[in-house]
Amino acid sequence: MNPLIFQSDFGRADGAVSAMYGVAYSVCRDLKISDLTHEIPQYDIWEASYRLIQTVSYWPEGAVFVSVVDPGVGSTRRSIVARTEGGQYVVTPDNGTLTHIKKLCGITEARVIDETVNRLPGSGESYTFHGRDIYAYTGARLASGIIDFEGVGPQVPVDSVVEIPFEPARLQENEVSGTIDVLDVRFGSLWTNIPRKLFLQMGVAHGDRIEVIIEKRGHTVYRTSLIYAHSFADAFIGEALVYVNSLDFMAVAINQGNFARAYNVGTGLSWRITMRKSTLNR
């Protein structure tokens, strides 16, 4: 018996999440089900992908994630289960949700779900709620041990798993640049794709001032010098800072404030961030 973890863009306003729970418990009442989140913005495959990489590796081998952000439900996109380098499983539409896992964590094997076996009985004429009828059902069967990974369906090449555009961070001429991948939603911090190890190659240390430039589609929306802080305690309340987030990537925040809201900053490939050691005091 392995943990089963649900993620979706369904929210909690109706019975969709509860229906997925019900299907899983109808497969096996002894399952232990948790939620990653059901507050992914509607249709936002990028954020679904990021929330998985934020979480999956901290769960034990054998844990089964069901991630349903599926704007193409009922189309020809595949339904897939991937096994990560750490031995966890992700059940999801093959629409790019596995991008960060594939790039940063690694996928060892992938299988397309055989719906003739792994589909909720009696749901064959429904094409709009695969989260309930296919993903929750298959995830529960896999987590409970009713099927093993081979029982999911036929193996497909890992290279065939769909990816959405993904640009790695770069270090050039003593400055590092990348994208703002996601927000620390509750606190409005900016989480970048710049790894701490790449950032440190600029020869910076805690307490140094870092010039931060944020651009949207080539237009500068923010530029100033911030302290590179060990923790939020190194900055005054209301002061902006650069720090290392919980995934070992560089982030920007306001101590006890909301950076994204204060400066109207968003996420995705159109939002670029550059950092370099500053010669300015402020």
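Residues numbered from 1 in each chain as written. Predicted model: local features only at pLDDT ≥ 70, side-chain atom pairs only at ≥ 80, totals over all residues. Heavy atoms only, no water.

1. Focus on the environment of Ile5
Argument step 1. As for its position among the elements, Ile5 is in strand β1 (residues 4-8).
Argument step 2. Distance from Ile5 to Ala63, taken between C-alpha atoms, is 7.7 Å for residues 58 residues apart in sequence.
Argument step 3. Discounting chain neighbours no more than four positions away, the residues touching Ile5 are Ser34, Asp35, Leu36, Trp59, Ala63, Val64, Phe65 and Val66. (Helix = DSSP H or I, 4+ residues; strand = E, 2+ residues; numbered from the N terminus. Contact = heavy atoms within 4.5 Å.)

2. Focus on helix α1 (residues 16-27)
Argument step 1. Taking 1.5 Å of rise per residue, 12 residues should cover 16 Å, and α1 covers 17 Å from first to last C-alpha, within 8% of that figure.
Argument step 2. Considered for burial, the residues of α1 that qualify are Ala16, Val17, Met20, Tyr21, Val23, Ala24 and Val27. Down the axis, α1 shows its buried residues gathered within 160 degrees of arc, on one side only. Opposite the buried face of α1, at more than 90 degrees from it, the exposed residues are Ser18 and Ser26.
Argument step 3. Contact partners of the buried residues in α1: β1, β2 (33-37), β3 (64-68) and α4 (130-144). (Expected span 1.5 Å × (residues − 1). Buried < 20%, exposed > 50% of the residue type's maximum accessible area, 1.4 Å probe, protein only. Arc of directions from axis to C-beta.)

3. Overview of the layout of surface pockets
Argument step 1. There is about 310 Å³ of room inside the largest pocket.
Argument step 2. As for the largest pocket, its lining consists of 19 residues, and the residues nearest its centre are Ile53, Leu104, Cys105, Leu247 and Phe249.
Argument step 3. Every element with two or more residues in the lining of the largest pocket is listed here: α2 (45-55), α3 (99-105) and β10 (189-195).
Argument step 4. Take the lining of the largest pocket: its biggest share by element is four residues, from α3.
Argument step 5. Here the lining of the largest pocket gathers at least three residues from each of two domains, domain 1 (4-160) and domain 2 (170-277).
Argument step 6. Reported here for the second largest pocket is a volume of approximately 200 Å³.
Argument step 7. Around the second largest pocket, the lining residues are Asp9, Phe10, Gln42, Tyr43, Val68, Asp70, Pro71, Val73, Thr128, Phe129, His130 and Gly131. (1 Å grid on protein atoms, 1.4 Å probe; cavity = no way out; pocket = protein on both sides within 12 Å on 5 of 7 lines; lining within 4 Å. Points joined across faces, edges and corners; volume = space filled by probe spheres on them. Domains from an automatic or database assignment.)

4. A closer look at the sheet that holds β2
Argument step 1. Judged by pairing direction, the sheet is mixed, and its seven strands sit side by side in the order β2-β1-β3-β5-β4-β6-β7 without closing on themselves. Among the strands making up the open sheet, the edge pair consists of β2 and β7 (155-156).
Argument step 2. Relative to β3, β1 runs parallel, the two being bridged by five bridges. Bridge assignment links Ile5 to a residue of β3, and that residue is Phe65. (Pairing = 2+ DSSP bridges.)

5. What about unusual backbone geometry?
Argument step 1. Even without being a glycine, Asn174 presents a positive backbone phi close to 65 degrees.
Argument step 2. We note that Arg217 has phi near 50 degrees; this positive angle belongs to a residue other than glycine.
Argument step 3. When you line up the elements, Arg217 lands in the loop between β11 (209-216) and β12 (219-228).
Argument step 4. A relative accessible area of 61% means that Arg217 is categorised as exposed.

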